[in-house]
Amino acid sequence: MRHALAAILAVASFTSIAIAQTDPATPPTAPAETPQSAIGATIAKDMEGLMALYRDLHANPELSEQEVNTAAKLAKRLKALKFDVTDKVGGTGVVAVMKNGSGPVLLIRADMDALPVVEQTGLPFASKVRTKTPEGVETGVMHACGHDTHMTAFIETAKLLAAAKDEWKGTLVMILQPAEEVGRGARLMLEDGLYTRFPKPTHAIAFHDAANLEAGKIGYTPGYALANVDSVDILVRGVGGHGAYPQTTKDPIVLGSRIVGTLQTLVSREQEPSDPAVVTVGSFQGGAKHNIIPDEAKLLLTIRSYSDETRARLIDGIKRISRGEAIAAGVPDDRMPVVTVKDEFTPSTYNPPEFAEQMAGVLKGHFPEGRVVKTQAVMGGEDFGRFYRADKSIHSFIFWVGGVPADKMAAAQAGQAPLPSLHSPFWAPQADAVIATASEAMTVLALDILKKE
(Lines give C-alpha, C1' and ligand atoms only; values in the text may rest on other atoms or scores of the structure.)
Protein backbone atom coordinates (compact mmCIF):
# COMPACT_ATOMS: atom_id res chain seq x y z
CA MET A 1 0.00 0.00 0.00
CA ARG A 2 3.06 2.28 0.17
CA HIS A 3 2.93 3.00 -3.59
CA ALA A 4 -0.83 3.50 -3.46
CA LEU A 5 -0.44 6.13 -0.76
CA ALA A 6 2.28 7.88 -2.70
CA ALA A 7 -0.19 8.16 -5.54
CA ILE A 8 -2.83 9.42 -3.15
CA LEU A 9 -0.68 12.32 -2.03
CA ALA A 10 0.44 13.10 -5.56
CA VAL A 11 -2.97 13.10 -7.23
CA ALA A 12 -5.69 15.58 -6.31
CA SER A 13 -8.95 13.93 -5.47
CA PHE A 14 -12.58 14.85 -5.07
CA THR A 15 -14.62 11.98 -3.75
CA SER A 16 -18.16 12.46 -4.99
CA ILE A 17 -20.44 9.81 -3.62
CA ALA A 18 -22.42 7.55 -5.87
CA ILE A 19 -24.77 6.72 -3.00
CA ALA A 20 -26.32 10.14 -2.56
CA GLN A 21 -28.95 11.22 -0.09
CA THR A 22 -32.54 11.31 -1.26
CA ASP A 23 -33.90 13.29 1.65
CA PRO A 24 -36.10 16.26 0.72
CA ALA A 25 -34.11 18.66 2.88
CA THR A 26 -30.78 17.44 1.54
CA PRO A 27 -30.51 17.21 -2.25
CA PRO A 28 -28.32 14.44 -3.67
CA THR A 29 -24.79 15.12 -4.81
CA ALA A 30 -24.82 15.72 -8.53
CA PRO A 31 -23.54 14.06 -10.58
CA ALA A 32 -21.35 11.37 -9.07
CA GLU A 33 -17.70 11.40 -10.14
CA THR A 34 -15.13 8.66 -10.02
CA PRO A 35 -12.92 9.04 -6.94
CA GLN A 36 -9.37 9.98 -7.88
CA SER A 37 -7.58 8.50 -4.86
CA ALA A 38 -7.38 5.10 -3.24
CA ILE A 39 -8.71 6.59 0.01
CA GLY A 40 -11.63 8.19 -1.82
CA ALA A 41 -12.43 4.95 -3.62
CA THR A 42 -12.53 3.04 -0.33
CA ILE A 43 -14.81 5.64 1.25
CA ALA A 44 -17.14 5.48 -1.76
CA LYS A 45 -17.44 1.70 -1.33
CA ASP A 46 -18.16 2.18 2.38
CA MET A 47 -20.72 4.95 1.89
CA GLU A 48 -23.85 2.83 2.05
CA GLY A 49 -22.91 1.59 5.50
CA LEU A 50 -21.73 5.02 6.60
CA MET A 51 -25.03 6.61 5.61
CA ALA A 52 -26.88 3.92 7.54
CA LEU A 53 -24.80 4.78 10.61
CA TYR A 54 -25.36 8.50 10.06
CA ARG A 55 -29.14 8.07 9.81
CA ASP A 56 -29.18 5.98 12.97
CA LEU A 57 -27.18 8.57 14.88
CA HIS A 58 -29.34 11.37 13.52
CA ALA A 59 -32.61 9.66 14.44
CA ASN A 60 -31.42 8.77 17.95
CA PRO A 61 -29.71 11.86 19.41
CA GLU A 62 -28.80 12.28 23.07
CA LEU A 63 -28.26 15.46 25.05
CA SER A 64 -24.98 16.49 26.67
CA GLU A 65 -23.72 14.06 29.35
CA GLN A 66 -26.53 11.65 28.39
CA GLU A 67 -24.74 10.05 25.39
CA VAL A 68 -24.89 6.53 26.84
CA ASN A 69 -26.35 4.65 23.86
CA THR A 70 -24.35 6.67 21.33
CA ALA A 71 -21.09 5.93 23.15
CA ALA A 72 -21.91 2.23 23.47
CA LYS A 73 -22.70 1.64 19.79
CA LEU A 74 -19.58 3.49 18.63
CA ALA A 75 -17.31 1.85 21.23
CA LYS A 76 -18.46 -1.52 19.88
CA ARG A 77 -17.32 -0.53 16.39
CA LEU A 78 -13.93 0.63 17.67
CA LYS A 79 -13.42 -2.64 19.54
CA ALA A 80 -14.17 -4.54 16.32
CA LEU A 81 -11.35 -2.57 14.67
CA LYS A 82 -8.94 -3.86 17.37
CA PHE A 83 -8.60 -0.61 19.30
CA ASP A 84 -8.03 -0.82 23.05
CA VAL A 85 -11.25 0.86 24.18
CA THR A 86 -12.07 2.48 27.53
CA ASP A 87 -15.54 3.86 28.17
CA LYS A 88 -17.00 6.22 30.79
CA VAL A 89 -14.07 8.63 30.58
CA GLY A 90 -15.25 12.00 31.83
CA GLY A 91 -18.77 10.63 32.13
CA THR A 92 -19.82 9.10 28.82
CA GLY A 93 -16.59 9.67 26.89
CA VAL A 94 -14.77 6.92 25.01
CA VAL A 95 -11.00 6.60 24.47
CA ALA A 96 -9.74 4.15 21.83
CA VAL A 97 -6.00 3.53 21.61
CA MET A 98 -4.05 1.78 18.86
CA LYS A 99 -0.30 1.48 19.36
CA ASN A 100 1.81 0.86 16.29
CA GLY A 101 5.42 1.28 17.29
CA SER A 102 7.33 4.34 18.44
CA GLY A 103 6.45 7.71 16.98
CA PRO A 104 4.05 10.62 17.41
CA VAL A 105 0.88 10.27 19.45
CA LEU A 106 -2.09 11.58 17.49
CA LEU A 107 -5.39 12.45 19.18
CA ILE A 108 -8.44 12.52 16.88
CA ARG A 109 -11.66 13.81 18.40
CA ALA A 110 -15.36 13.65 17.56
CA ASP A 111 -18.12 15.10 19.73
CA MET A 112 -21.29 13.12 20.46
CA ASP A 113 -23.95 15.35 22.00
CA ALA A 114 -27.08 16.79 20.43
CA LEU A 115 -29.14 19.89 21.22
CA PRO A 116 -32.52 20.56 22.84
CA VAL A 117 -34.10 21.50 19.49
CA VAL A 118 -37.32 20.27 17.85
CA GLU A 119 -36.23 19.12 14.38
CA GLN A 120 -37.95 20.72 11.37
CA THR A 121 -35.81 19.49 8.48
CA GLY A 122 -38.41 17.21 6.91
CA LEU A 123 -35.89 14.38 6.66
CA PRO A 124 -37.50 10.93 6.56
CA PHE A 125 -35.19 9.89 9.42
CA ALA A 126 -35.69 13.11 11.40
CA SER A 127 -35.38 12.83 15.15
CA LYS A 128 -38.61 12.27 17.04
CA VAL A 129 -36.83 11.99 20.38
CA ARG A 130 -38.25 13.99 23.25
CA THR A 131 -36.79 14.32 26.72
CA LYS A 132 -36.37 16.70 29.62
CA THR A 133 -33.40 18.99 30.03
CA PRO A 134 -31.51 19.01 33.36
CA GLU A 135 -33.61 22.09 34.15
CA GLY A 136 -36.79 20.04 33.74
CA VAL A 137 -37.92 21.56 30.43
CA GLU A 138 -39.52 19.09 28.01
CA THR A 139 -37.99 19.40 24.56
CA GLY A 140 -37.21 17.70 21.31
CA VAL A 141 -33.64 16.55 20.70
CA MET A 142 -31.78 17.05 17.42
CA HIS A 143 -28.29 16.85 15.95
CA ALA A 144 -28.64 20.48 14.85
CA CYS A 145 -24.86 21.03 14.95
CA GLY A 146 -23.84 18.11 12.76
CA HIS A 147 -22.17 15.98 15.40
CA ASP A 148 -23.75 12.94 13.72
CA THR A 149 -21.57 13.61 10.65
CA HIS A 150 -18.56 14.09 12.94
CA MET A 151 -19.03 10.67 14.56
CA THR A 152 -19.64 8.90 11.26
CA ALA A 153 -16.50 10.34 9.67
CA PHE A 154 -14.59 9.51 12.87
CA ILE A 155 -15.55 5.83 12.58
CA GLU A 156 -14.55 5.70 8.91
CA THR A 157 -11.22 7.37 9.72
CA ALA A 158 -10.61 4.79 12.44
CA LYS A 159 -11.38 2.00 9.98
CA LEU A 160 -9.11 3.40 7.27
CA LEU A 161 -6.18 3.91 9.64
CA ALA A 162 -6.58 0.50 11.25
CA ALA A 163 -6.43 -1.06 7.78
CA ALA A 164 -3.31 0.93 6.88
CA LYS A 165 -1.10 0.11 9.88
CA ASP A 166 1.79 -0.79 7.62
CA GLU A 167 1.81 2.79 6.34
CA TRP A 168 2.17 4.67 9.65
CA LYS A 169 4.05 4.48 12.90
CA GLY A 170 3.13 5.82 16.33
CA THR A 171 0.00 5.81 18.49
CA LEU A 172 -3.59 6.73 17.71
CA VAL A 173 -5.73 8.05 20.56
CA MET A 174 -9.23 8.43 19.17
CA ILE A 175 -11.72 10.00 21.54
CA LEU A 176 -15.48 10.37 21.49
CA GLN A 177 -16.19 13.41 23.60
CA PRO A 178 -19.40 14.19 25.49
CA ALA A 179 -20.92 17.56 26.36
CA GLU A 180 -19.31 19.80 23.76
CA GLU A 181 -22.49 21.84 23.46
CA VAL A 182 -22.32 22.88 27.11
CA GLY A 183 -18.55 23.45 27.08
CA ARG A 184 -17.76 20.77 29.67
CA GLY A 185 -16.85 17.60 27.82
CA ALA A 186 -13.19 18.25 27.06
CA ARG A 187 -12.60 19.50 30.60
CA LEU A 188 -14.32 16.43 32.09
CA MET A 189 -12.17 14.05 30.02
CA LEU A 190 -8.97 15.90 30.93
CA GLU A 191 -9.91 15.89 34.61
CA ASP A 192 -10.55 12.13 34.35
CA GLY A 193 -6.97 11.51 33.26
CA LEU A 194 -7.03 11.78 29.47
CA TYR A 195 -3.37 12.85 29.46
CA THR A 196 -2.25 10.60 32.32
CA ARG A 197 -4.23 7.36 31.99
CA PHE A 198 -3.69 7.24 28.23
CA PRO A 199 -0.80 8.15 25.90
CA LYS A 200 -0.35 11.92 25.93
CA PRO A 201 -0.78 13.40 22.45
CA THR A 202 1.90 15.22 20.52
CA HIS A 203 -0.71 16.18 17.91
CA ALA A 204 -4.49 16.69 17.95
CA ILE A 205 -6.93 17.12 15.05
CA ALA A 206 -10.68 17.48 14.65
CA PHE A 207 -13.17 18.92 12.20
CA HIS A 208 -16.55 20.64 12.34
CA ASP A 209 -19.20 20.77 9.66
CA ALA A 210 -19.91 24.28 8.36
CA ALA A 211 -23.26 25.85 7.50
CA ASN A 212 -21.66 28.61 5.43
CA LEU A 213 -19.37 26.59 3.15
CA GLU A 214 -20.36 24.64 0.05
CA ALA A 215 -20.61 20.89 0.64
CA GLY A 216 -17.22 19.20 0.37
CA LYS A 217 -15.12 22.33 0.71
CA ILE A 218 -12.55 22.50 3.51
CA GLY A 219 -11.92 25.66 5.51
CA TYR A 220 -9.07 26.40 7.89
CA THR A 221 -8.06 29.33 10.07
CA PRO A 222 -4.53 29.85 11.42
CA GLY A 223 -4.41 31.37 14.91
CA TYR A 224 -7.64 31.97 16.78
CA ALA A 225 -10.37 30.02 15.01
CA LEU A 226 -13.21 30.11 17.57
CA ALA A 227 -13.94 32.31 20.55
CA ASN A 228 -13.97 32.33 24.31
CA VAL A 229 -17.60 31.95 25.35
CA ASP A 230 -18.80 33.26 28.71
CA SER A 231 -22.29 33.44 30.16
CA VAL A 232 -22.81 36.27 32.64
CA ASP A 233 -25.81 36.98 34.86
CA ILE A 234 -26.45 40.47 36.25
CA LEU A 235 -28.93 40.68 39.12
CA VAL A 236 -30.06 44.30 39.12
CA ARG A 237 -31.38 45.20 42.56
CA GLY A 238 -33.50 48.23 43.38
CA VAL A 239 -36.24 49.35 45.73
CA GLY A 240 -39.71 48.38 44.58
CA GLY A 241 -43.01 50.14 44.97
CA HIS A 242 -46.16 51.42 43.33
CA GLY A 243 -45.93 52.34 39.66
CA ALA A 244 -47.85 55.54 40.36
CA TYR A 245 -45.22 56.76 42.84
CA PRO A 246 -41.85 56.08 41.17
CA GLN A 247 -40.17 58.75 43.30
CA THR A 248 -40.39 56.38 46.27
CA THR A 249 -38.49 53.62 44.44
CA LYS A 250 -35.18 52.79 42.83
CA ASP A 251 -36.44 51.26 39.60
CA PRO A 252 -34.37 48.19 38.54
CA ILE A 253 -36.04 48.20 35.11
CA VAL A 254 -34.72 51.69 34.36
CA LEU A 255 -31.35 50.85 35.88
CA GLY A 256 -31.16 47.62 33.89
CA SER A 257 -31.92 49.56 30.70
CA ARG A 258 -29.10 51.99 31.47
CA ILE A 259 -26.73 49.07 32.03
CA VAL A 260 -27.76 47.48 28.71
CA GLY A 261 -27.07 50.71 26.84
CA THR A 262 -23.73 51.40 28.47
CA LEU A 263 -22.53 47.83 27.98
CA GLN A 264 -22.54 48.49 24.24
CA THR A 265 -19.66 50.94 24.73
CA LEU A 266 -17.40 48.17 26.00
CA VAL A 267 -16.82 47.06 22.42
CA SER A 268 -17.51 50.27 20.50
CA ARG A 269 -15.42 52.60 22.69
CA GLU A 270 -13.07 50.48 24.80
CA GLN A 271 -12.08 47.59 22.55
CA GLU A 272 -9.30 47.76 19.97
CA PRO A 273 -11.18 47.52 16.61
CA SER A 274 -8.74 44.92 15.27
CA ASP A 275 -9.47 42.63 18.25
CA PRO A 276 -13.09 41.48 17.80
CA ALA A 277 -15.40 41.03 20.77
CA VAL A 278 -19.12 40.66 21.38
CA VAL A 279 -21.28 41.61 24.37
CA THR A 280 -24.89 40.54 23.86
CA VAL A 281 -27.73 40.86 26.34
CA GLY A 282 -29.88 37.88 25.42
CA SER A 283 -32.51 38.19 28.13
CA PHE A 284 -33.99 41.00 30.27
CA GLN A 285 -36.31 39.69 32.97
CA GLY A 286 -38.13 41.86 35.48
CA GLY A 287 -41.50 42.69 36.93
CA ALA A 288 -44.82 40.89 37.11
CA LYS A 289 -47.55 43.54 36.80
CA HIS A 290 -48.25 46.82 35.00
CA ASN A 291 -48.40 49.05 38.07
CA ILE A 292 -45.69 47.55 40.27
CA ILE A 293 -42.04 48.57 40.16
CA PRO A 294 -40.16 45.39 41.13
CA ASP A 295 -37.29 44.95 43.56
CA GLU A 296 -35.12 43.15 41.01
CA ALA A 297 -34.47 42.57 37.34
CA LYS A 298 -32.13 40.08 35.71
CA LEU A 299 -29.93 40.37 32.62
CA LEU A 300 -28.44 37.31 30.88
CA LEU A 301 -25.40 37.98 28.71
CA THR A 302 -23.15 36.08 26.33
CA ILE A 303 -19.59 37.39 25.99
CA ARG A 304 -17.29 36.46 23.10
CA SER A 305 -13.58 37.17 22.81
CA TYR A 306 -10.38 35.56 21.56
CA SER A 307 -7.55 36.35 23.98
CA ASP A 308 -7.65 35.79 27.72
CA GLU A 309 -6.65 39.43 28.22
CA THR A 310 -9.65 40.68 26.26
CA ARG A 311 -11.93 38.27 28.10
CA ALA A 312 -10.75 39.58 31.48
CA ARG A 313 -11.13 43.19 30.36
CA LEU A 314 -14.71 42.64 29.18
CA ILE A 315 -15.75 40.89 32.40
CA ASP A 316 -14.15 43.63 34.50
CA GLY A 317 -15.93 46.22 32.37
CA ILE A 318 -19.30 44.56 32.90
CA LYS A 319 -18.77 44.67 36.66
CA ARG A 320 -17.61 48.31 36.54
CA ILE A 321 -20.50 49.50 34.37
CA SER A 322 -23.10 47.66 36.45
CA ARG A 323 -21.87 49.20 39.67
CA GLY A 324 -21.28 52.63 38.14
CA GLU A 325 -24.79 52.90 36.73
CA ALA A 326 -26.22 51.78 40.06
CA ILE A 327 -24.27 54.47 41.89
CA ALA A 328 -25.49 57.07 39.37
CA ALA A 329 -29.07 55.93 40.03
CA GLY A 330 -28.67 56.38 43.77
CA VAL A 331 -28.97 52.70 44.62
CA PRO A 332 -27.85 51.99 48.22
CA ASP A 333 -24.55 50.13 48.70
CA ASP A 334 -26.35 47.07 50.02
CA ARG A 335 -28.39 46.88 46.79
CA MET A 336 -25.54 47.05 44.28
CA PRO A 337 -25.92 44.73 41.23
CA VAL A 338 -24.58 41.20 41.57
CA VAL A 339 -22.54 40.06 38.55
CA THR A 340 -22.04 36.30 38.24
CA VAL A 341 -19.77 34.73 35.62
CA LYS A 342 -21.18 31.25 35.02
CA ASP A 343 -18.89 28.23 35.21
CA GLU A 344 -19.85 27.00 31.72
CA PHE A 345 -16.91 28.86 30.16
CA THR A 346 -15.70 27.58 26.80
CA PRO A 347 -12.14 28.69 26.00
CA SER A 348 -11.14 29.97 22.59
CA THR A 349 -9.79 27.48 20.06
CA TYR A 350 -6.36 28.28 18.69
CA ASN A 351 -4.63 26.70 15.70
CA PRO A 352 -0.88 27.32 16.06
CA PRO A 353 -0.29 29.13 12.75
CA GLU A 354 2.77 27.25 11.53
CA PHE A 355 1.13 23.87 12.12
CA ALA A 356 -2.17 25.06 10.62
CA GLU A 357 -0.42 26.11 7.42
CA GLN A 358 1.48 22.81 7.37
CA MET A 359 -1.76 20.82 7.64
CA ALA A 360 -3.46 23.05 5.08
CA GLY A 361 -0.55 22.40 2.74
CA VAL A 362 -1.06 18.64 3.10
CA LEU A 363 -4.75 19.03 2.28
CA LYS A 364 -4.08 21.36 -0.65
CA GLY A 365 -1.61 18.86 -2.02
CA HIS A 366 -4.24 16.12 -1.89
CA PHE A 367 -7.49 17.80 -2.94
CA PRO A 368 -8.15 19.78 -6.15
CA GLU A 369 -7.23 23.45 -6.34
CA GLY A 370 -9.86 25.64 -4.69
CA ARG A 371 -11.24 22.86 -2.52
CA VAL A 372 -9.24 24.00 0.55
CA VAL A 373 -9.75 27.65 1.50
CA LYS A 374 -8.63 29.94 4.31
CA THR A 375 -11.60 31.14 6.38
CA GLN A 376 -12.12 33.89 8.93
CA ALA A 377 -12.26 33.24 12.64
CA VAL A 378 -15.78 33.04 14.06
CA MET A 379 -17.35 34.01 17.37
CA GLY A 380 -18.82 30.56 17.91
CA GLY A 381 -17.38 28.33 20.63
CA GLU A 382 -15.78 24.87 20.55
CA ASP A 383 -14.17 23.22 23.56
CA PHE A 384 -11.67 21.33 21.38
CA GLY A 385 -9.40 24.24 22.32
CA ARG A 386 -9.01 22.81 25.83
CA PHE A 387 -6.85 19.94 24.56
CA TYR A 388 -4.25 22.46 23.34
CA ARG A 389 -4.60 24.74 26.35
CA ALA A 390 -3.86 21.82 28.66
CA ASP A 391 -0.41 21.51 27.04
CA LYS A 392 0.65 24.09 24.47
CA SER A 393 3.43 21.87 23.17
CA ILE A 394 0.71 19.88 21.36
CA HIS A 395 0.35 20.57 17.63
CA SER A 396 -3.39 21.22 17.38
CA PHE A 397 -5.60 21.76 14.33
CA ILE A 398 -9.36 21.98 13.81
CA PHE A 399 -10.82 22.60 10.36
CA TRP A 400 -14.21 23.07 8.74
CA VAL A 401 -15.98 20.86 6.20
CA GLY A 402 -18.76 22.55 4.25
CA GLY A 403 -22.23 21.04 4.31
CA VAL A 404 -24.32 23.41 2.16
CA PRO A 405 -25.64 21.86 -1.09
CA ALA A 406 -24.38 23.74 -4.14
CA ASP A 407 -27.85 24.85 -5.28
CA LYS A 408 -28.70 26.25 -1.86
CA MET A 409 -25.38 28.05 -1.69
CA ALA A 410 -26.01 29.60 -5.11
CA ALA A 411 -29.50 30.67 -4.07
CA ALA A 412 -28.18 32.25 -0.89
CA GLN A 413 -25.43 34.11 -2.75
CA ALA A 414 -28.05 35.42 -5.17
CA GLY A 415 -30.11 36.71 -2.26
CA GLN A 416 -32.96 34.32 -2.99
CA ALA A 417 -33.03 32.32 0.23
CA PRO A 418 -31.09 32.55 3.50
CA LEU A 419 -29.10 29.60 4.79
CA PRO A 420 -29.99 27.98 8.11
CA SER A 421 -27.19 28.23 10.64
CA LEU A 422 -25.72 25.61 12.92
CA HIS A 423 -28.17 25.00 15.79
CA SER A 424 -31.11 25.80 13.51
CA PRO A 425 -34.01 23.29 13.52
CA PHE A 426 -33.73 23.44 9.70
CA TRP A 427 -30.00 22.64 9.43
CA ALA A 428 -29.45 19.43 7.47
CA PRO A 429 -25.97 19.24 5.94
CA GLN A 430 -25.35 17.32 2.75
CA ALA A 431 -24.19 14.50 4.94
CA ASP A 432 -22.59 12.25 2.34
CA ALA A 433 -20.30 15.04 1.16
CA VAL A 434 -19.37 16.05 4.72
CA ILE A 435 -18.66 12.47 5.79
CA ALA A 436 -16.66 11.58 2.66
CA THR A 437 -14.60 14.77 2.69
CA ALA A 438 -13.90 14.71 6.43
CA SER A 439 -12.98 11.01 6.45
CA GLU A 440 -10.55 11.54 3.60
CA ALA A 441 -9.09 14.73 5.06
CA MET A 442 -8.55 13.31 8.55
CA THR A 443 -7.01 10.13 7.14
CA VAL A 444 -4.63 12.08 4.91
CA LEU A 445 -3.61 14.32 7.82
CA ALA A 446 -3.12 11.35 10.14
CA LEU A 447 -0.95 9.52 7.60
CA ASP A 448 1.18 12.62 7.20
CA ILE A 449 1.59 13.16 10.98
CA LEU A 450 2.34 9.48 11.59
CA LYS A 451 4.31 8.83 8.43
CA LYS A 452 7.24 6.49 8.55
CA GLU A 453 10.56 8.24 8.13
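Each remark here, short or long, concerns the structure printed above.
Source: prediction; values computed, not measured.

*Asks:* Teacher, can you tell me more about the side chain of Arg386 here?
*Replies:* With respect to the secondary-structure elements, Arg386 resides in helix α10 (residues 385–389). Despite its burial, Arg386 pairs with no opposite charge; the closest candidate is Asp383, at 5.3 Å N-O. What Arg386 contacts, discounting residues up to four positions off in sequence, is Gly183, Ala186, Arg187, Leu190, Phe345 and Pro347.

*Asks:* Would you mind showing me how to read the pattern of salt bridges here?
*Replies:* Any two side chains of opposite charge can pair if their charged atoms end up close together. Counted according to the given criterion, the structure contains 17 salt bridges. Between Asp448 and Lys451 there is a salt bridge whose closest N-O contact spans 3.6 Å. Each member of the salt-bridge network shares a partner with another, and the members are Arg109, Asp111, Glu382 and Asp383.

*Asks:* Is there a simple way to think about the packing of helix α2 (residues 38–59) against helix α4 (residues 147–163) in this case?
*Replies:* The packing of two helices is summarised by the inter-axis angle and the distance between the axes. Look at α2 against α4: their axes get within 9 Å of each other, and the N-to-C directions meet at 140°. In this view, α2 runs oblique relative to α4, as classed from their interaxial angle. Where α2 crosses over α4, the two elements pack in a sense that is right-handed. Residue-level inspection shows Ile39, Thr42, Ile43, Asp46, Leu50, Leu53, Tyr54, Leu57 and His58 of α2 in contact with α4, the latter providing Asp148, Thr149, Met151, Thr152, Ile155, Glu156, Lys159 and Leu160. When grouped by side-chain class, the residues that make up the contact of α2 with α4 number 9 nonpolar, 4 polar and 4 charged.

*Asks:* For this particular structure, what's the right way to read the packing of aromatic side chains?
*Replies:* Where two aromatic rings form a pair, the distance of their centres and the angle of their planes describe that pair. Tallying each qualifying case throughout the model produces 7 aromatic pairs. Residues Tyr224 and Tyr350 carry aromatic rings whose centres are separated by 4.9 Å and whose planes lie at 70° to one another, so their mutual orientation is edge-to-face. With a gap of 126 residues between them, Tyr224 in strand β9 (residues 223–226) and Tyr350 in strand β16 (residues 349–351) connect regions that are remote in the sequence. Since its relative accessible area comes to 33%, Tyr224 is described here as partly exposed. When its relative accessible area of 25% is taken as the criterion, Tyr350 is described as partly exposed. Ring pairing ties together the aromatic residues Tyr224, Tyr306, Tyr350 and Tyr388, which thus form one cluster. Here the guanidinium or amino end of Arg311 rests over the ring plane of Phe345, the centre of that ring lying 3.7 Å away.

Parameters at a glance
Residues numbered from 1 in each chain as written. Predicted model: local features only at pLDDT ≥ 70, side-chain atom pairs only at ≥ 80, totals over all residues. Heavy atoms only, no water. Helix = DSSP H or I, 4+ residues; strand = E, 2+ residues; numbered from the N terminus. Buried < 20%, exposed > 50% of the residue type's maximum accessible area, 1.4 Å probe, protein only. Lys, Arg positive; Asp, Glu negative; His and termini not counted. Salt bridge = Lys/Arg side-chain N within 4 Å of Asp/Glu carboxyl O. Contact = heavy atoms within 4.5 Å. Axes fitted to C-alpha atoms, helices over the stretch in contact; angles between N-to-C directions. Parallel < 35°, antiparallel > 145°, perpendicular 65-115°, else oblique. Left-handed = near helix turned anticlockwise from the far one by under 90°. Nonpolar A, V, L, I, M, F, W, Y, C, P; charged D, E, K, R; others polar. Phe/Tyr/Trp six-rings, centres within 6.5 Å; stacked < 30°, edge-to-face > 60°. Lys NZ or Arg CZ within 6 Å of the ring centre and 35° of its normal.

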